[in-house]
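Coordinate inspection notes
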Protein chains: 2
Amino acid sequence: MGHKSMDDCGIDAIRAILASKPRPEGWAARRMRLDEVGSIWPVAGDIKLEPAALGGVPCEWSLAPGSEPARVLIFFHGGGYCSGSILSHRRMATEAGRAGAMRVLAAGYRLAPEHPYPAAIEDALSVWNGLRSQGIAAKRIAVGGDSAGGGLTLALIQRLRDAAEELPACAWLVSPWTDLTMSGETIATKEAADPLIHKAYLAELAEAYVPSRIDRRDPQISPLFADLSRFPPMLIQIGSAETLLSDSSRLAAAAGAANVPVTLEIWPDMIHAWPLWNGRLEAGRRALASAGSFVRQKFAE
Amino acid sequence: MGHKSMDDCGIDAIRAILASKPRPEGWAARRMRLDEVGSIWPVAGDIKLEPAALGGVPCEWSLAPGSEPARVLIFFHGGGYCSGSILSHRRMATEAGRAGAMRVLAAGYRLAPEHPYPAAIEDALSVWNGLRSQGIAAKRIAVGGDSAGGGLTLALIQRLRDAAEELPACAWLVSPWTDLTMSGETIATKEAADPLIHKAYLAELAEAYVPSRIDRRDPQISPLFADLSRFPPMLIQIGSAETLLSDSSRLAAAAGAANVPVTLEIWPDMIHAWPLWNGRLEAGRRALASAGSFVRQKFAE
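Worth saying up front: this structure is predicted, and the values here are computed from it rather than measured. (Residues numbered from 1 in each chain as written. Chains lettered and ligands numbered in written order. Predicted model: local features only at pLDDT ≥ 70, side-chain atom pairs only at ≥ 80, totals over all residues. Heavy atoms only, no water.)

Between the two copies of this chain, the relationship is a rotation about some axis together with a displacement along it. Superposing chain A onto chain B takes a rotation of 180° combined with a translation of 0.0 Å along the rotation axis, leaving an RMSD of 0.0 Å. Those values place the two copies in the arrangement expected of a two-fold rotation axis. Of the C-alpha atoms belonging to chain A, the one lying closest to the rotation axis is found on Leu264 of chain A, 2.5 Å away. Same-surface contact between copies: 100% of interface residues of chain A are shared with the interface of chain B. (Least-squares fit on C-alpha atoms with pLDDT ≥ 70 in both. Contact = heavy atoms within 4.5 Å.)

Residues and elements named next belong to chain A. With their axes 7 Å apart at the nearest point, helix H3 (residues 90-100) and helix H9 (residues 282-300) run at an angle of 50° to one another. One way to sum up the angle between H3 and H9 is to call them oblique. As H3 runs across H9, the sense of the crossing is right-handed. In contact with Met92, Glu95, Ala96, Ala99 and Gly100 of H3, H9 contributes Leu288, Ala289, Gly292, Ser293 and Arg296. (Axes fitted to C-alpha atoms, helices over the stretch in contact; angles between N-to-C directions. Helix = DSSP H or I, 4+ residues; strand = E, 2+ residues; numbered from the N terminus. Parallel < 35°, antiparallel > 145°, perpendicular 65-115°, else oblique. Left-handed = near helix turned anticlockwise from the far one by under 90°.)

As a further point, take the nonpolar core. As a rule of thumb, nonpolar side chains are buried together in soluble globular proteins. Formed by 202 residues in total, the largest nonpolar core has its most connected members in Trp172, Trp177 and Met234 of chain A together with Trp172, Trp177 and Met234 of chain B. Once residues within four sequence positions are removed from consideration, Trp177 of chain A is found in contact with Gly80, Tyr81, Ser147, Ala148, Gly151, Met182, Leu202, Leu205, Ala206, Leu244 and Asp247 of chain A. (Core = buried A, V, L, I, M, F, W, Y, C linked by side-chain atoms within 4.5 Å. Buried < 20%, exposed > 50% of the residue type's maximum accessible area, 1.4 Å probe, protein only.)

Attention now goes to the interface of chain A and chain B. With 18 residues of chain A at the interface, the matching set in chain B holds 18 residues. When chain A packs against chain B, the two sides together hide about 1400 Å² of surface, and 53% of this comes from carbon and sulfur. When the buried surface of chain A facing chain B is broken down by residue, Asn259, Leu264 and Ile266 of chain A rank first, second and third, together holding 32% of it. Taken together, the connections running from chain A to chain B amount to 0 salt bridges. (Buried area = accessible area lost by both parts, 1.4 Å probe. Salt bridge = Lys/Arg side-chain N within 4 Å of Asp/Glu carboxyl O.)

The next thing to look at is the packing of aromatic side chains. On inspection of all chains with the given rule, the structure shows 12 aromatic pairs over all chains. Ring centres of Tyr81 of chain B and Tyr209 of chain B lie 3.8 Å apart, and the angle between their planes is 5°; on these two criteria the pair is classed as stacked. Residue Tyr81 of chain B is located in the loop between strand E3 (68-76) and helix H3 (90-100), and its partner Tyr209 of chain B is located in helix H7 (residues 199-209); the two are separated by 128 residues in the primary sequence. You'll find Tyr81 of chain B and Tyr209 of chain B in the same group, each marked buried. Following the ring pairs from residue to residue traces out a cluster consisting of Tyr81, Tyr117, Trp177 and Tyr209 of chain A. The ring of Tyr201 of chain B has Arg23 of chain B sitting right over it, with the charged end atom 5.4 Å from the ring centre. (Phe/Tyr/Trp six-rings, centres within 6.5 Å; stacked < 30°, edge-to-face > 60°. Lys NZ or Arg CZ within 6 Å of the ring centre and 35° of its normal.)

Function-wise, these values are silent; they only describe arrangement.
As structure tokens, then:
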């Protein structure tokens, strides 16, 4: 912590920005707020953006100079299945593409409470099928996302695996929300350290996303409890100052026990989904560089 | 599994070699056996070996062509604190040096039951101090080892941290034994999958290493229960077919929660301390390559 430069304001400055306004109330205000804080630093000028629709789902293509258009990351933004957008995560998704030298397809899946479970997963599957029908081989596709987008990634892979479909080359998960029962010990032990994600907020999100008749331990909803066998190689990145740390460490243990190649990175001092702020946060850029290196290696295998 | 070549016999062939002889009984037979299976494939012909003594502890220097002699990995072999030697782990230690472009100092610390706890830790500290007194800066030293050698690495770092000494650049742990109370769930769930490490054997080792008056939860003995704060960056590598998988996944979670930079790699199908067999096992060489890349990056920071 502490070292600062033009290109690195440090995580404490991000914390200060997040603390500078009262927490928003209500879905509309939360969505505006995430669009605002997620896009404080604009997309780099050399990124080519193009709107698209795949399987009826609004999406956005992005491409950095020198990237390989035939390799694609499908990116699912976070926001607890209730907020977040292509806009809020544009800087993160586009720079992930640069780091991985690949094209990015950011998915604007439907949100709760208007569209509860399983709408988001159905949209994720529609995007996957839409991309595959364009002739992109599964092994040239990586899937990933942050927070709820990480959970959505795992739900999509379950669906594909259970349908005996070809699987993506790898999965990239940043601060994934894997347990909607909130049974991880860091929900309590990191309560004071985490500026963003607290139990009451998670409970509200889970209530909005999951119809009350459905068990939150359902593996499509809480992929921590899923059968993870035959999943593709998985990179999990999580900050040490996160209530969701146990969601990542337990996922790594479960996936590894199921014979999945797993890399878990725990980043000191980092907060929920910190690569969002890569525009001024060096640790955000380094995390994306590590993810890019991971994805490039898996594409090459 | 399955794919084989001149340079990759596959993990099943290693399993077959291990199963080809009855498990040895008694310490002398176990020591001979580990020397035998650990050195099936000889040290590469281009490695320069040199015996040494640091702080009174017998050691061995090794250097691969092109490596940087001013950067040193202190390597602690595994063997449950009761067996293992410079010889048994020579191929693993020397190839780790090549992968990390560094010199390796393999430590021949004292073994139980002749020399129970804390003899091994005292020897580890003597080797550290001996190397430091040769003018090698702490930040140019990496420490690491497999199995009990991983536990010993963590015990050494605790001692240094508690004495407010400078710390090594990083720690590298392969299949570390971090919990001598055997409370990890994979001790049971991986019992059938693991060809080498079972609860009764671990109990015998712990009994030989730890004098009965001492609690096995002591953090010097079971570093999983230690305060890990201010530890240097840590790479943990573990196979999915190991009873000690939980020793690694819980260590990663604990170190990460203590704000330590952690990378945990879980390798499918791999068994206890598989980089030992890098001579014919491609996954062993890839694990060493990943460790080498990690160490080089930490030396450069």
